[in-house]
Structures are given as C-alpha cells and as structure tokens.
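# Coordinates in review
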Amino acid sequence: MDSIPTTDGGFVRVAAVGDIHLGTDCSGLLRPAFSVLPACADLLLLAGDLTRHGTVEEAEVVAREVAGIGVPVVAVLGNHDYHAGEEKAVAAALSAAGVTVLEGEAATFPVAGHTVGVAGTKGFCGGFVGRCAGEFGEPEMKAFVRTARRSADGLNTALGELADADCAVRIALTHFAPVPDTLAGEPLEIYPFLGSYLLAEAIDSSGADLAVHGHAHHGTEHGMTVGGVRVRNVAQPVIDRAFALYQLPLGENGRRG
C-alpha cells in the first residue's frame, strides 16, 4: 500500500482503478474484488474508461459491479465512455447505482470525523510544457486546445471549492494524465494525446494531496507535479490488479499539496 507518513495515526484509505473497459460479457468480473473494499478502503475512485465503447448497456454492467459495495464510489468518464455519444446516459446509469460522477465538480465524504474531498474531470489531450499544442491557427486547433483548457479550469474551480470546504484531504481525479512522469513506457510520439500540463497547473494552483488518473495503459504508476503533488496512474494494465490502495494522512498533520 502506497502511504505518506503521519504522526497522528489517522489515514484515509483510497482504492483506485481506471481503464477497466467492461463489456456486456463482463458481468461479475470485478464484483468479488470490490466486495472486500469495506475492510480495506474508505472510498473507491474510478478513473475513466469504464466501458469498452461507451454504451448504456456496458455502463449498466459497471453499475452492477459497484452497486452497494459498502464504500462511496466516485468516477470520471474517459474517452471510451464518450465513444458512442451516450456519455450522459452512461453517467446516469452509474449515478442510478449510487456512483458520484464528476465533470468539473467536487464532492465531499466523511471519513473518521474528517471531510475528504474529490475534484474530478475527464481532462483532455494537448501535451506537456515545451511540447504542447497552442491555441493558434485553424479553428479546429483552437477548439482542441480550448477543450483542454475548459477541463483544467473546471478542475481548478472544483479543487478551490474543496479548499474552501476545509477538507482534511483533497484528491484530483482525472482520466487523462496531468504529468509526463506517469507516461514512461508509452511511445513519446503519443504523449500529446495522453494528457495535458494544464491539468497539473490546476492541481498545483489550487492544491491537492493526491492526483489519480488512467488512460496510459503502458505507463508508470508513480509521478509528481512540479509543485510536489503525488500523481498515480491507476490504469488497470499498469497496476495489474483490481485496484490500487493509497493511504493519505488525515488531520492537521496531513500533507497538503
């Protein structure tokens, strides 16, 4: 279990996974693993690409895997979840099962007498400092970059709301990567399509204790923003298990990003 030391002994236990890509033939695949979560985690984060093709039928499979598992479930959608153009219905199917689906929004949860906050957005492409797309030229290119900027702005606002709520722990949840560190192992040529530095700017600007993402199947689990916020790539092919577990300290001795 990945943990950050604390002196008061209080932790929030975060389970996280992305890129599970469930299809209609996957009913019951992850339910046995998720059923043990109340014994080892305080909440479950789903970092997008929950379905194969973004259909409502696939989303209903995901919903059944996590419904009533005994801990709060928080999700963002990924690019696969948008593929069929049914992303609103996909989100609705998850919400009907009790999943909190975020897109430029924040949610808070009580843990051991403290408030834990999660700010989430899908994120988008664009690349990283020194090798990124610019908002210049053709309308298509401007629209591409503006999509990434709008997503990062939503994350920034949501994290700011959590700061105002005086959360003991703040977590940024995205599908696309905020840093290139966790892309190590992917071809350099596709880095601009795996994430955006704008997400990391938002995280460092408003502060967080942990950033969690997926999308990069051949990447690396551990990374960090320039501002020192720990980043974890929880794409299932990377963590190679049903979920990863992280411990974050609660209370006044907790680390803040």
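Since the structure is predicted, the reported quantities are computational estimates derived from the model, not experimental observations.

About the cut-offs
Residues numbered from 1 in each chain as written. Predicted model: local features only at pLDDT ≥ 70, side-chain atom pairs only at ≥ 80, totals over all residues. Heavy atoms only, no water. Helix = DSSP H or I, 4+ residues; strand = E, 2+ residues; numbered from the N terminus. Buried < 20%, exposed > 50% of the residue type's maximum accessible area, 1.4 Å probe, protein only. Contact = heavy atoms within 4.5 Å. Polar contact = N/O pair within 3.5 Å; in protein donor to acceptor, adjacent residues only side chain to side chain. Core = buried A, V, L, I, M, F, W, Y, C linked by side-chain atoms within 4.5 Å. Phe/Tyr/Trp six-rings, centres within 6.5 Å; stacked < 30°, edge-to-face > 60°. Lys NZ or Arg CZ within 6 Å of the ring centre and 35° of its normal.

Here we come to the environment of Asp 81. Position of Asp 81 among the secondary structure elements: in helix α4 (residues 79-82). A relative accessible area of 0% means that Asp 81 is categorised as buried. As for Asp 81 and Thr 51, which are separated by 30 residues in sequence, their C-alpha atoms are 5.7 Å apart. Residues in contact with Asp 81, not counting those within four places in the same chain, are Gly 48, Asp 49, Leu 50, Thr 51, Gly 54, Glu 87 and Val 90. Only 2.8 Å separates the side chain of Asp 81 from the backbone nitrogen of Gly 78, close enough to count as a polar contact.

So, on to the nonpolar core. One finds Leu 37, Leu 44 and Leu 45 to be the most contacted residues of the largest nonpolar core, which totals 58 residues. Apart from residues no more than four positions distant in its own chain, Leu 37 is found in contact with Ala 15, Leu 44, Ile 69, Val 71 and Phe 243. With 29 residues, the next largest nonpolar core counts Ala 148, Ala 158, Leu 159 and Tyr 191 among its residues.

Mapped onto the elements, Ala 165 comes out in the loop between α6 (139-164) and β10 (169-174). C-alpha separation for the pair Ala 165 and Glu 65, spaced 100 residues apart in sequence, amounts to 31 Å.

So, on to the packing of aromatic side chains. Enumeration over the complete set of coordinates arrives at three aromatic pairs. An aromatic cluster is defined as three or more aromatic residues linked by ring pairs; in this entry it consists of Phe 124, Phe 144 and Phe 176. Positioned above the aromatic ring of Tyr 82, the side-chain terminus of Lys 122 is 5.1 Å from the ring centre.

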